[in-house]
Amino acid sequence: MSAAATAPHAARTASNVRSGPTVARVAAAEWTKLTSLRSAWWTAAVTVLVGGAITYLSARASSVDPGFEPLDSLTAGLVLAQVGPLVLGVLVGAGEFRTGAFRSTFTTVPRRWPVLVAQTLAVAAFALVTGVLTTAAGVVGILPSAMSRGMTVDLTADGGPGMLLGMVLFLVGMALLGLALGALLRRTVPALVTALLLVLVLPIVLMLASDPLVGGGDAATMAAAADAPATTVVGTLGVLLPGAAGSLMTTSASAGGMEGAPDLGPVGGGLVLATWVLVLLAAAALRLRTRDVR
Amino acid sequence: MTTVPAGPRTNERTVRGAPDRRGVSMPRVLSAEWTKLTSVRSNAWLALGTVVAAAGTAHALGLFVRPGDGRSGSWVVTSGFVLAQLGFLVLGALVGAGEYTTGTARTTFATVPRRLPVLAAQVLVTAAAAFAVALVALGASVLATAPARSGDAPALDLSVPGASRALLGFAVACVAVALLGTGLGALLRRPADALVVGVLLTSVGDHVLAANPGLVTDTVRAFLPSSGARLVQDDAALAALDATTLGPRLGAWGGGGVAAAWVVVVLVAAAYRLRRHDVR
Amino acid sequence: MIEVEALTKRYGSTAAVDGLTFAARPGMVTGFLGPNGAGKSTTMRVVVGLERPTSGTATVDGRRYADLPAPLHAVGVMLDARSVHPGRTAYAHLVAMAKTHGIGRARVREVIAQTGLEPAAHRRAGTFSLGMSQRLGIAGALLGDPATLILDEPVNGLDPDGVLWVRRLVRELADEGRTVLLSSHLMHELALCADRVVIIGRGRLLADASVREIADRSERAGVVRVRTTDPEPLARELLAAGAQVTPQKGGVLHVRAVTVEDVGTAALRCGATVLELGTESGSLEEAYLKLTGDAVEYRAAGGVR
């Protein structure tokens, strides 16, 4: 590069090989955009910290149980930590439109869809790193409780590696879900509301429908719930929500499904989340191709 | 500084425009904020969506209620709160933070440079709007759960202890969530931030902690704003909640008190930031 | 009357405004000029209380802006045309502003008519062009019939009609005895409507003078321009008379240190045919560039010393 700047004929050569934006170049540009945002780093840091802290607290709370199994607490922090990648995805997906940056983006890359692909790659990469760190924070979080009980944490034990992989993939999936919603809805607040609704609030609503105790029901009448059919409509809907399906990836295959829901297993859950992401991304790409950007 | 006459104002310039030049007063700022709230079409859609969410959720959950569940008639009607509170949170956050993201803040605070009356007016306007929307949502929920009541769900019986309090509590809790949104919005100045924090405080935090019952987690749960949701429970449901908690028992109105305390603290913090910090 | 005294506003370690002192007086259009980033908007935001000065004061009619009982009647402000919720109609935006001071809807309709916004009054502000937003901003500034107006780049984005309208408007407002402070980064724009110009660069005051005085600081101020068929003999004649002569293209001479009459008699003496003769009026643009250029040079030189 420096040689090209000093030698005049080298500069001419550079102009001869001028070529337009490729997906790789656009991805590099999107990576620069993402990592130059302060909020991205804040979100990642909070995700890792919250993931580790909640896991630590949860493991400590359950370490007094006689049947305490450290690995069971490993995923406790994800319920909150998933919010970080989700928000990050929404901010990246809708951010272009909210800030008006899309005008320069889409005049630079007029075919537009490479931008969406590039954003997906950049967000996935960023979320991958965040996910690995959050998972590591979770492992660190369960160590003190395990040591206090004189237990060792064996991550290579049955289902351990799959669980760790699932946690990372789950967080990446949440980031991509947020990105897809942001790119589709193009406005931060509606996209964020939809994302939070799908991932956090609807599961609570469905839980109210299936579990009287959450609504303050009487434990004595809980027997009624026991004779419920193995698979219920509510349970099935619940497991097909992106957050619930994705969190199946963090369970071991032998764990069995959720109550009242068909047993999708980790792979099935991952596929459901992937379907959500792909359908929403496809819708966003369609909107990008067929609609004006203003 | 030096030459401004005190006492009766001298007529320095001929009055050209509006006859009344008394300037900013609280009722006027209130009226302006009401105009601002009602003149944005998306707010009307949001209100409608919130009512539909409340009634729709109540309708759907009502269908799953079986006689042995121990759910009361008021529970069925107010069960939409869990979803509808998101709408109230968004409404409040948009009022509190919308000023800053749209640049309206420059106009608003150049017009009312003392600033605090604006926040006070936003609080009152949000509370009034949220209360009205909550009443409509409650009415819609009563209508929407009629099919469930003709089925297995219990009738809406106001003689059940705490049932009428639960219905009133629905509106109060909705107002509290909206005001929390306004406070968070004015404090954080970005609707997205206010929403994420608000959702964590009003529903997800409680949900996460509930998965790990214990003295510490139950105590923390009791002092989260989500305790405000206790207002929509009747006496039997509250007793059941208090029976299972290891933390403090808040009783009938304690949850509302916790939520109100959060609203006040967040609003005071927002007022402090508004007084002290520049507006861009 | 706007008085700014020793005003400093720092963001971290950078000073956006640095010890600025000036006044905008009633009955005058005061132009506020400086390159982009010179601190004009920051100064205006401090004057209307949106930002707190690090030190120094800014007052309107002798009071801090925040202490004015009826700010909208005292000062009309247009800072950034996009200071409107995009989902709100122009009419609703103005009504909300008006309500804070108990101003009636009749006055809102009046300023809408005055700014030519009628066709767009009930459209959402998010759909406005920059010119329309600008008119809405000016309408908001006029709403309270204020004694002082603060307008930040009001002609930005306006079509030629709009530019003419703004010039005439600020002239009328000043002639009614109001104080008008108008910022721009274009000298020639201010030359057409301002009585006095305050020039700042890098947050510091560079000049505070009438338009005439600023023009006189131009390189070409006081130069006599003569076009002739015989430049060489005339130049010799003028040099002999003690003038400084700079030959230009096309038989034009720029002559200093003598009057137009001196040049005329010199031409008669040497028999040169004069085609054009007159004094060059100093260009404000040049004076401005010289002033701001000096400021930059001063900073650079100061760094070396």
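Rules of the game
Numbers given to residues run from 1 along each chain, matching the order in which its sequence is written. Each chain gets a letter, beginning with A, and each ligand a number, beginning with 1, in the order they are written. Local features in this predicted model are restricted to residues of pLDDT 70 or higher, and side-chain atom pairs are both shown and tallied only at a pLDDT of 80 or more, whereas totals for entire chains, interfaces and linings draw on every residue. Side-chain figures throughout are based on the complete set of non-hydrogen atoms in the structure, without hydrogens or water. Think of it this way: any DSSP run of H or I at least four residues long counts as a helix, any run of E at least two long counts as a strand, and we number them from the N terminus. Whether a residue is buried, partly exposed or exposed follows from its accessible area with a 1.4 Å probe, protein chains only, as a fraction of its type maximum: under 20%, in between, or over 50%, in that order. Contacts between residues were defined by any pair of non-hydrogen atoms, one from each residue, lying within 4.5 Å. Areas reported here follow the Shrake-Rupley algorithm with a probe of radius 1.4 Å; residue values treat only the protein chains shown as occluding. The sign given to each residue is positive for Lys and Arg and negative for Asp and Glu; His and the chain ends receive no count. Lys charges are placed at NZ, Arg charges at CZ, Asp charges at CG and Glu charges at CD. Here the buried area means the combined drop in accessible surface, using a 1.4 Å probe, for two parts upon being joined, counting both sides. Between Lys or Arg on one side and Asp or Glu on the other, a salt bridge is scored when a side-chain nitrogen of the former is within 4 Å of a carboxyl oxygen of the latter. Think of a polar contact as two N or O atoms within 3.5 Å of one another; within protein, one of them needs to be a possible hydrogen donor and the other a possible acceptor, and neighboring residues in sequence only count if both atoms come from side chains. Fitted lines through C-alpha atoms serve as axes, helices being fitted only where they are in contact, and the angles separating the N-to-C directions of these axes extend from 0 to 180 degrees. Roughly parallel means an angle under 35 degrees; roughly antiparallel means over 145; roughly perpendicular covers 65 to 115; every other angle is labelled oblique. We call a crossing left-handed when the near helix sits turned anticlockwise from the far one by less than a right angle, and right-handed when that turn is clockwise. Under this grouping Gly is polar, as are all residues other than the nonpolar Ala, Val, Leu, Ile, Met, Phe, Trp, Tyr, Cys and Pro and the charged Asp, Glu, Lys and Arg. Ring pairs are drawn from Phe, Tyr and Trp, using the six-membered ring of Trp, whenever the two centres fall within 6.5 Å, and their geometry is named by plane angle: stacked under 30 degrees, edge-to-face over 60, tilted for the rest. Values of pLDDT, ranging from 0 to 100, describe the predictor's confidence in every residue of the model. In this entry, domain limits derive from an automatic or database-based domain assignment. Strands were regarded as paired on the criterion that DSSP finds at least two bridges between them.

Colleague: Residue-level account of the overall build of chain C, with values.
Modeller: The helix and strand inventory of chain C stands at 11 helices and 14 strands. Oriented by its inertia axes, the alpha-carbon framework of chain C measures out at about 75 × 50 × 35 Å. Evaluated residue by residue, chain C yields a buried proportion of 53% over its 305 residues. Taking the contacts inside chain C whose residues are at least 6 apart along the sequence as the reference set, 69% of them involve residues at least 24 apart. Element-wise, carbon and sulfur atoms account for 51% of the exposed surface of chain C, whose accessible area totals about 12,900 Å². Placing the 36 positive and 34 negative side-chain charges of chain C at their respective mean positions leaves the two points 7 Å apart.

Colleague: Quick rundown of the interface of chain A and chain B? Include the residues and the values.
Modeller: Facing the 30 residues of chain A at the interface are 29 residues of chain B. Overall, the association of chain A and chain B removes approximately 2,800 Å² of surface from exposure, summing both partners, and the carbon and sulfur fraction of that is 77%. Sorting the residues of chain A by area buried against chain B places A:Val189, A:Ile204 and A:Leu208 first, and these three jointly supply 17% of that buried surface. The interface formed by chain A and chain B holds zero salt bridges in total. One can count zero residue pairs in polar contact (both at pLDDT 80 or more) joining chain A with chain B. Secondary-structure elements contributing two or more residues to the side of chain A that touches chain B are α4 (38–62), α5 (78–81), α6 (83–99) and α10 (188–210) of chain A. Top element by residues in the side of chain A that touches chain B is α10(A). It accounts for 14 residues.

Colleague: So what's going on with the side chain of C:Glu51? Residues and values would help.
Modeller: All names here are of chain C. Relative to the helices and strands, Glu51 is located in the loop between α1 (40–47) and β4 (55–60). A relative accessible area of 2% places Glu51 in the buried class. Side chain to side chain, Glu51 and Tyr11 meet in a polar contact 2.5 Å long.

Colleague: So what's going on with the packing of helix α1 (residues 26–38) of chain B against helix α3 (residues 90–99) of chain C? Which residues, and what values?
Modeller: Their axes nearest at 7 Å, the elements α1(B) and α3(C) cross at an angle of 165 degrees. Between α1(B) and α3(C), the interaxial angle falls into the category roughly antiparallel. Seen along the crossing, α1(B) lies across α3(C) with a hand that is left-handed. Residues B:Arg28, B:Ser31, B:Ala32, B:Thr35 and B:Lys36 of α1(B) lie in contact with α3(C), whose contacting residues are C:Ala92, C:Val95, C:Ala96 and C:Lys99. For the contact of α1(B) with α3(C), the per-class residue count stands at four nonpolar, two polar and three charged.

Colleague: A description of the interface of chain B and chain C should follow, citing residues and the corresponding values.
Modeller: The partner chain C presents 46 residues to the 41 residues of chain B that form the contact. For the pair chain B and chain C, the summed buried surface comes to about 3,700 Å²; carbon and sulfur atoms form 52% of the total. The tally of links from chain B across to chain C stands at two salt bridges. Put simply, C:Asp80 and B:Arg106 hold a salt bridge, and the shortest N to O gap is 3.5 Å. Inspection of the chain B/chain C interface yields 21 residue pairs in polar contact (both at pLDDT 80 or more). Contributions of two or more residues to the side of chain B that touches chain C are made by α1, α5 (104–111) and α12 (251–276) of chain B. Within the side of chain B that touches chain C, the residues separate by chemical class into 14 nonpolar, 11 polar and 16 charged.

Colleague: Can you break down the packing of aromatic side chains residue by residue, with the values?
Modeller: For the structure shown, the criterion picks out five aromatic pairs over all chains. On the numbers, 6.1 Å between centres and 70 degrees between planes, the contact of B:Phe81 with B:Phe170 is edge-to-face. Of the two residues, B:Phe81 sits in helix α4 (residues 81–102) while B:Phe170 sits in helix α8 (residues 163–188), which places them 89 residues apart along the sequence. Residue B:Phe170 is classed as buried on the basis of its relative accessible area of 0%. Put simply, the rings of A:Trp31, A:Trp41 and A:Phe126 pair up and form one aromatic cluster.

Colleague: Tell me what's going on with the confidence of the model for chain A, and back it up with residues and numbers.
Modeller: All names here are of chain A. Summarising the model, chain A shows a mean pLDDT of 78, and 81% of its residues fall at 70 or more. Under a pLDDT of 50 for its full length, residues 1–16 has, in the predicted model, three contacts with residues more than four places off or in other chains. Across residues 213–229, where pLDDT falls below 50, the model places 21 contacts with residues more than four positions away in sequence or in other chains.

Colleague: Before we move on, could you go through the domain arrangement of chain C and cite the residues and values that matter?
Modeller: Taken as a whole, chain C is organised into domain 1 (2–215) and domain 2 (224–280). Computed from C-alpha coordinates alone, the two centres of domain 1 of chain C and domain 2 of chain C are separated by 47 Å.

Colleague: Could you give me a rundown of the pairing of strand β13 (residues 252–256) of chain C, with the residues and numbers involved?
Modeller: Residues and elements named next belong to chain C. By the criterion of burial, β13 is predominantly enclosed, with four of the five residues buried. Inspection of the sheet shows strand β11 (residues 224–228) paired to β13 by four bridges, in the antiparallel sense. Opposite Val224, over in β13, you have Val255 as the bridge partner. Examined bridge by bridge, strand β12 (residues 244–247) and β13 share four bridges and lie antiparallel to one another. Along β13, the bridge assignment pairs Pro247 with Leu253. Linking two consecutive strands that pair antiparallel, namely β12 and β13, is a turn of four residues; a positive phi of about 70 degrees is found at Gly250 within it.

Colleague: Lay out the confidence of the model for chain C in plain terms, naming residues and giving numbers.
Modeller: Residue and element names in this part refer to chain C. This prediction gives chain C a mean pLDDT of 86; 93% of its residues lie at or above 70. Within the model, the stretch residues 300–305 combines pLDDT values under 50 with zero contacts to residues more than four positions away or in other chains. For this predicted complex, the interface score ipTM comes out at 0.79, alongside a pTM of 0.82.

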